[in-house]
Amino acid sequence: MSLVRFVLRGVVLPLGALSAAAAIAAQGGRFSDRLDVLTHFAPLYLAGGTVTLAAAIFAHRRLVPALLGAAAVIGSLALMLPELLRPQSPPLAPGAAGQIKLIQFNAARDSQGLEQRLAWLATEDPDVLVVEDSRAVFQTAVTQRLGRQMACGKTCEVAIFTRAPAKQIEAPRRGRKGLGPAVTIAHLPGIGGEYTVVGIHYVWPTDIQTHAENSARLLELMKDRPPERVILVGDFNSTPWSFSRRREDAALRLERRTRALPTYPANGPFGLAVLPIDHVYAGSGWGTVSITRGPRLGSDHYPVVAVLSPRPK
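Computed from a prediction, not measured in an experiment: that's the story for all the values here.

Calculation rules
Residues numbered from 1 in each chain as written. Predicted model: local features only at pLDDT ≥ 70, side-chain atom pairs only at ≥ 80, totals over all residues. Heavy atoms only, no water. Pairing = 2+ DSSP bridges. Helix = DSSP H or I, 4+ residues; strand = E, 2+ residues; numbered from the N terminus. Axes fitted to C-alpha atoms, helices over the stretch in contact; angles between N-to-C directions. Contact = heavy atoms within 4.5 Å. Parallel < 35°, antiparallel > 145°, perpendicular 65-115°, else oblique. Nonpolar A, V, L, I, M, F, W, Y, C, P; charged D, E, K, R; others polar. Buried < 20%, exposed > 50% of the residue type's maximum accessible area, 1.4 Å probe, protein only. Arc of directions from axis to C-beta. Patch = residues over 30% accessible without salt bridge, like charges linked within 9 Å, V, L, I, M, F, W, Y side chains within 5 Å. Areas by Shrake-Rupley, 256 points an atom, 1.4 Å probe, with all protein chains shown as cover. Salt bridge = Lys/Arg side-chain N within 4 Å of Asp/Glu carboxyl O.

Tell me about the sheet that holds strand E12 (residues 304-310), residues and numbers included.
Judged by pairing direction, the sheet is mixed, and its six strands sit side by side in the order E3-E4-E2-E1-E12-E11 without closing on themselves. Each end of this open sheet is capped by a strand with a single partner; those strands are strand E3 (149-152) and strand E11 (286-293). Neighbour-to-neighbour, the strand axes of this sheet turn through a mean angle of 20 degrees, independent of strand direction. Two strands pair when backbone bridges link them, and E11 and E12 are joined in this way by seven bridges, in the antiparallel orientation. Its bridge partner being in E12, Arg-293 is matched across the sheet by Val-304. The strands touched by helix H5 (residues 114-124) within the sheet are strand E1 (100-106), strand E2 (128-132) and E12, with E1 carrying the most contacts at an inclination of about 160 degrees. Sitting on the sheet, helix H6 (residues 136-145) touches E2, E3 and strand E4 (158-162), and the angle it makes with E4 is about 10 degrees.

This is the structure:
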């Protein structure tokens, strides 16, 4: 058996078959929460399909791998393209008045590289810092060495750090049977008037019941809240090509300002992140100046840096 045939049969065919099957089954996420779990990994199916299709072209007239590769590519793009083509409000100029810089970061319950984190935060000098899964040593360092005020929920699983003390802090309970998301809500003074920052942390989507309850609880918290001056950020453990994220996007009455920005896993090979699971939403009263990804800081998540400005009335 030639090397080409061995690779096709032993590696490419299984890769193509698995990628195609997953990409096609993921379409069932429209009606099944279990199948929706598959949607989150669409970039992997796209990569697998692309490799399979390229190998089939290279090997000449290999119909089965070509069909499998094409199915995987088409199925994964059907999931991802709505996010990549999603319209967004026009950005504001860098010099827009009343700007705030907000950083969202899942610290992964790890304080390694503390000095690196603090040095980067000191350089960025955010007005608002929302951190999930931070430890007390990190929280103390931010408050004492960077001079920030800290607001916490029932626990400090989600902490919001600000220059000035929050005018009000909400610490909602974890919802039915404790299945609501970790959340902290801070009402802050601003040039354009008071605004609200909601920090959130969902469980993994593989915990299907709890993840769905996280979403339901957040929508309950947000439904009577005027959306114009709200900023919602956090680790949603949910990609934008999942059907559950699309449904939640439609229900929130906020615009998601991050678009296909991969933030996880930051600790993978070469720091290659493939999953956009950390998101920034803002109401219509906010314009986006910039959305960027920060550096690796010892966590399995990259931080997200958002610069927003009140839209002129």
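Outline the sheet that holds strand E9 (residues 255-256), supporting the account with residue identities and numerical values.
The six strands are arranged E5-E6-E7-E8-E10-E9 in an open sheet whose pairing can be described as mixed. Every other strand in the sheet has two partners, leaving strand E5 (168-170) and E9 as the edge strands with one partner each. Here E9 pairs with strand E10 (residues 278-282) via two bridges, running antiparallel. In the strand pairing of E10, Glu-255 is matched with Ala-282. Where helix H8 (residues 243-252) meets the sheet, it contacts strand E8 (230-235), E9 and E10, and its direction lies at approximately 20 degrees from that of E10.

So what's going on with the packing of helix H7 (residues 208-222) against H8? Which residues, and what values?
For the pair H7 and H8, the least separation of the axes is 10 Å and the interaxial angle reads 10 degrees. Relative to H8, the element H7 lies roughly parallel. Here Ser-215, Leu-218, Leu-219 and Met-222 of H7 lie close against H8, whose contacting residues are Glu-248, Ala-251 and Leu-252. Of the residues in the contact of H7 with H8, the class split is five nonpolar, one polar and one charged.

An account of H5 is needed here, citing residue identities and associated values.
Two residues of an α-helix separated by three or four positions point the same way, owing to the 3.6 residues in each turn. The complete set of buried residues in H5 reads Leu-114, Arg-117, Leu-118, Trp-120 and Leu-121. Burial along H5 is one-sided: seen end-on, the buried residues are contained in an arc of 165 degrees. Residues of H5 that are buried sit in contact with E1, E2, H6 and E12.

Would you mind going over a nonpolar patch on the surface in detail, with residue names and values included?
Residues Leu-81, Leu-84 and Leu-85 make up a contiguous nonpolar surface patch of about 280 Å² in total accessible area. Mapping Leu-85 onto the fold places it in the loop between helix H4 (63-84) and E1.

Everything listed here is a matter of geometry and, on its own, says nothing about what the molecule does.
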